[in-house]
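# Observations on chain architecture
Residue-level listing of the chains:
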Amino acid sequence: MKINELLPGHNILETTDSGETLRFEVVTVRAIGRRYEITMRTPAGLESVLYPANAYVQIAA
């Protein structure tokens, strides 16, 4: 899914080098110029990441 289409409640999936799949719940999505700040709930708490507006991420179906 394209970053600018993410909504709170979506789950981003990331596969580690060891093959483990991690799931992060999107809490907020905020446009900052040509980038998007995505705040996610992780096992360590809330974390924010900046992505380019044309980036894609894998989400849970």
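Before any of the text, the structure's been laid out above.
Residues numbered from 1 in each chain as written. Predicted model: local features only at pLDDT ≥ 70, side-chain atom pairs only at ≥ 80, totals over all residues. Heavy atoms only, no water.

### Some details on the pairing of strand S4 (residues 45–52)
Summarising the sheet, strand S3 (residues 35–42) and S4 pair through eight bridges and their orientation is antiparallel. Residue pairing across strands places Arg35 opposite Pro52, the latter belonging to S4. Counted along the chain from S3 to the antiparallel partner S4, the turn is two residues long. (Pairing = 2+ DSSP bridges. Helix = DSSP H or I, 4+ residues; strand = E, 2+ residues; numbered from the N terminus.)

### Observations regarding the environment of Thr15
Mapping Thr15 onto the fold places it in strand S1 (residues 11–15). The class for Thr15 is partly exposed, based on a relative accessible area of 48%. Apart from residues lying up to four places away in sequence, Thr15 is in contact with Glu20 and Thr21. (Buried < 20%, exposed > 50% of the residue type's maximum accessible area, 1.4 Å probe, protein only. Contact = heavy atoms within 4.5 Å.)

### Describing the sheet that holds strand S5 (residues 58–59)
Strands belonging to one sheet form pairs held by backbone hydrogen bonds; the direction of such a pair is parallel or antiparallel. On the basis of which strands lie adjacent, the open sheet formed by five strands has the order S4-S3-S2-S1-S5 and antiparallel pairing. For this open sheet the edge positions go to S4 and S5, each flanked by a neighbour on one side alone. Taken together, the two bridges between S1 and S5 define a ladder with antiparallel strand orientation. Paired with Ile12 across the two strands is Ile59, which belongs to S5.

### Description of the nonpolar core
Listed in full, the 11 residues of the largest apolar core are Ile3, Leu6, Ile12, Phe24, Val26, Tyr36, Ile38, Met40, Tyr51, Ala55 and Val57. Among the elements of the structure, strand S2 (21–32) and S3 are those that each provide at least two residues to this core. A total of three residues in this core trace back to one element, the largest contributor, which is S3. The residues contacting Ile38, other than those within four sequence positions of it, are Ile3, Leu6, Ile12, Val26, Thr28, Val29, Glu47, Ser48, Val49 and Tyr51. (Core = buried A, V, L, I, M, F, W, Y, C linked by side-chain atoms within 4.5 Å.)

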